[in-house]
Amino acid sequence: MHNQPITYVAVLAGGRSSRMGRDKRYIRLGGESLLDRTLRVVAQVAGGGLERIYICGDVANYSCLKDEVSGLGPLSGVLSAMRQARAQGSHLAQLLVLPIDMPLLDSDLLSQLIEHHRLDEGHGATRYVDSEMPFVLTVSEHTQKIVEELCTQSDGRSRSVRNLLERVSSKNIGCPSHNQRLTTNLNHPQDLENMVAR
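Here is a short report on the structure shown in this document. Please read all numbers here as calculations on a predicted model, not as lab measurements. (Residues numbered from 1 in each chain as written. Predicted model: local features only at pLDDT ≥ 70, side-chain atom pairs only at ≥ 80, totals over all residues. Heavy atoms only, no water.)

### A short note on the sheet that holds strand β4 (residues 52-56)
Taken together, the six strands give an open sheet; going across it, the order is β4-β1-β5-β7-β6-β8, and neighbouring strands pair in mixed fashion. Each edge of the sheet is formed by a strand with only one pairing partner; in this case those strands are β4 and β8 (171-173). Neighbour-to-neighbour, the strand axes of the sheet open up by a mean angle of 20°, direction not taken into account. In this structure, strand β6 (residues 125-128) lies alongside β8, joined through three bridges in parallel fashion. By the bridge assignment for β8, T126 is matched with K171. Across the sheet, helix α2 (residues 74-87) lies against β1 (6-12), β4, β5 (93-99) and β7 (135-139), angled at about 45° from β7, the strand it touches most. With respect to the sheet, helix α3 (residues 107-118) is in contact with β1, β5, β6, β7 and β8, its orientation differing from that of β6 by roughly 145°. (Pairing = 2+ DSSP bridges. Helix = DSSP H or I, 4+ residues; strand = E, 2+ residues; numbered from the N terminus. Axes fitted to C-alpha atoms, helices over the stretch in contact; angles between N-to-C directions. Contact = heavy atoms within 4.5 Å.)

### Overview of the pairing of β5
Along any regular strand the residues' side chains alternate between the sheet's two faces. Of all seven residues that make up β5, seven are buried, and the element is covered over most of its length. Judged by which residues are buried, β5 turns out to be covered on both faces: A93, L95, V97 and P99 on one side and Q94, L96 and L98 on the other are all buried. Bridging between β1 and β5 involves seven bridges; their strand directions are parallel. Opposite V9, over in β5, you have L96 as the bridge partner. (Buried < 20%, exposed > 50% of the residue type's maximum accessible area, 1.4 Å probe, protein only.)

### So, the pattern of salt bridges
Once their charged atoms are close, side chains differing in charge can pair, the charge on each being opposite to the other. A full pass over the atoms with the stated rule returns eight salt bridges. Note that R83 and E148 form a salt bridge whose closest N and O atoms lie 3.0 Å from each other. With R83 in helix α2 and E148 in helix α4 (residues 141-151), this residue pair connects regions lying 65 residues apart in the sequence. The exposure class of E148 is partly exposed, given its relative accessible area of 24%. (Salt bridge = Lys/Arg side-chain N within 4 Å of Asp/Glu carboxyl O.)

### Side note on the side chain of T143
With respect to the helices and strands, the residue T143 is situated in helix α4. When its relative accessible area of 3% is taken as the criterion, T143 is described as buried.

### Description of the side chain of T38
Along the polypeptide, T38 turns up in helix α1 (residues 34-43). Take T38: its relative accessible area is 7%, and that puts it in the buried class. Separated by 2.8 Å, the side chain of T38 and the backbone oxygen of L34 make a polar contact. Not counting the four nearest positions on each side in its chain, T38 is found in contact with V11, L98, P99 and I100. (Polar contact = N/O pair within 3.5 Å; in protein donor to acceptor, adjacent residues only side chain to side chain.)

### Considerations on the packing of aromatic side chains
Overall, the coordinates contain one aromatic pair when judged by the stated rule. Taking 6.3 Å as the distance between ring centres and 20° as the angle between the ring planes, the aromatic pair formed by Y8 and Y54 counts as stacked. Taken together, the residues Y8 in strand β1 and Y54 in strand β4 connect sequence positions 46 residues apart. Classification of Y8 as buried rests on a relative accessible area of 2%. The exposure class assigned to Y54 is buried, which follows from its relative accessible area of 3%. (Phe/Tyr/Trp six-rings, centres within 6.5 Å; stacked < 30°, edge-to-face > 60°.)

### Some words on the nonpolar core
F135, L137 and L164 are the most contacted members of the largest nonpolar core, which has 53 residues in total. If one sorts the elements of this core by residue count, α2 sits on top with six residues. Residues contacting F135, with those up to four places away along its chain left out, are V78, L95, L96, V97, L113, T126, R127, V161, L164 and L165. (Core = buried A, V, L, I, M, F, W, Y, C linked by side-chain atoms within 4.5 Å.)

### Notes on the packing of α2 against α4
Remark: α2 packs on α4, axes separated minimally by 10 Å, with the N-to-C direction vectors making an angle of 150°. As judged from the angle between their axes, α2 and α4 are roughly antiparallel. Between α2 and α4 lies a crossing of left-handed hand. Along its contact with α2, which presents L75, S76, V78, L79, M82, R83 and R86, the element α4 presents E141, T143, Q144, V147, E148, L150 and C151. (Parallel < 35°, antiparallel > 145°, perpendicular 65-115°, else oblique. Left-handed = near helix turned anticlockwise from the far one by under 90°.)

Set out below in structure tokens:
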């Protein structure tokens, strides 16, 4: 267990859901909201061995970490969680980042991602090759400065998760073929209809 990095989690729940047409945080699947479903799966990761779970956004009746700067997309939540994690003073830490609109994600897939990043010191982030999220980001002054810089960009494309992953030289790992659909996300009403119909 010596020199094992501490893992924090940023659950991104602050999106405007404009393409879906309604707030995704409260969409229910299998009797639970997307947010509750995500929190349940995260709680099962590695037997619950996570240091802290941050709900990034402003959700009624939940203890949330509000975006320090709103309206900047996912990187707002990443930045807030990164600052909180670094404030804990750990010299070896990583941040698992995931959205609430991937209801098929399971704890095994997240655990594998965390473990791959834990074993690789040469990359600033780790993700599955066919999906920008979820990803694990090294918690450091260097990565925080990159996120802060991207958040100052006026162009939304420059503030993207894709750009962040490129800037920190992410490692892209293969997703087992039988698990590839687990990273499917819900952006449009048709996506939800298709998932319910499965």
